[in-house]
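Descriptive structure summary
As a plain string of letters, each chain reads:
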Amino acid sequence: MNFDRCNLFYLVILIDFFYMDIQKILTNDELILNPLRLEDFDVLFAIASDKLLWEQHPNRDRYKREVFEVFFEGAIQSKGAYSIIEKESGSIIGSSRYYDLNIEKNEIKIGYTFIARTHWGKGINQSLKRMMLEYIFQFVDNVIFHIGEQNIRSQKSIEKIGAKDIAREEVSYFGELPKLNVVYKIEKEAFIKDVMGV
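Read on for an overview of the structure.

**Description of the overall build of the chain**
Looking only at helices and strands, the chain has six helices and eight strands in total. Listing each helix as α and each strand as β along the chain from the N terminus yields α-β-β-α-α-β-β-β-α-β-α-β-β-α. When burial is assessed residue by residue, the chain has 46% of its 198 residues classed as buried. Restricting to contacts in the chain with at least 6 residues of sequence separation, those with at least 24 account for 62%. About 10,700 Å² of surface is accessible on the chain, with carbon and sulfur atoms providing 50% of the total.

**So, the pairing of strand S2 (residues 31-35)**
Direction of pairing for strand S1 (residues 26-27) relative to S2: antiparallel, over a ladder of two bridges. Following the sheet pairing, Thr 27 is matched in S2 by Ile 32. Pairing geometry for S2 and strand S3 (residues 81-86), over five bridges, is antiparallel. If you follow Ile 32 over to S3, its bridge partner there is Ile 85.

**With respect to helix H2 (residues 41-48)**
The set of residues buried in H2 consists of Phe 41, Leu 44, Phe 45, Ile 47 and Ala 48. All buried residues of H2 lie within an arc of 155° about the axis, which places them on one face of the element. Among the exposed residues of H2, those pointing more than 90 degrees away from its buried face are Asp 42 and Ala 46. On its buried face, H2 is in contact with helix H3 (65-78), S3, strand S4 (92-102) and strand S5 (107-115).

So, how was this worked out
- Residue positions within a chain follow its written sequence, with the count starting from 1.
- Predicted model: local features are reported for residues with pLDDT of at least 70 only, side-chain atom pairs are reported and counted for 80 or more only, and whole-chain, interface and lining totals are derived from all residues.
- For side-chain calculations, the full set of non-hydrogen atoms in the structure is used, while hydrogens and water are omitted.
- Every helix listed is a DSSP run of H or I at least four residues long, and every strand listed is a run of E at least two residues long, numbered separately from the N terminus.
- Only protein chains enter the area calculation, which uses a 1.4 Å probe; residues under 20% of their type maximum are buried, those over 50% are exposed, and those in between are partly exposed.
- In what follows, a contact means two residues having at least one pair of non-hydrogen atoms within 4.5 Å.
- Computed with a 1.4 Å probe, the accessible areas rest on the Shrake-Rupley method; for each residue, only the protein chains presented here act as cover.
- What makes two strands pair is DSSP finding at least two bridges between them.
- Throughout, the arc means the angular range of directions from the helix axis out to the C-beta atoms.

Below, the structure written as structure tokens:
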């Protein structure tokens, strides 16, 4: 790539953001996103051990401790993972993360999200993703989501906030075998116009 001075300055900001600043505490009216800590493991595994949580997911055995340990290790290593906290109760109800910054494409991925089944059907996932998008679009122009081909529930949820189905792709999640995923994309300009009403 060839960079002029302006693009080089922007590149430095992106790199600094990804390696230093990505895990700022984020909040909205319903949720708090706290940077993931090792001590969050037990609470998150208690949620993840619900077998039905992964029913439509391409990696359906994450309810097993040894599999979830690998999942959690990947979350810690990503340096972009969060615990999702319900403001009203102060309880951890799930996790999500930013990962795979692509500077050339000016994009990042959001995913590895799971939310306790007790909080399904309450708009939590849409609230979470909007908050994460509002923050990350200060730094990138595109966000990618990988969602299992059979995970219709998550596909419908992400489509509600304007994500567009752009491809099918074999995806190897951290420490797991490749599985077919639907690739969704949200562009900053469309998100601001369609979702935030600007």
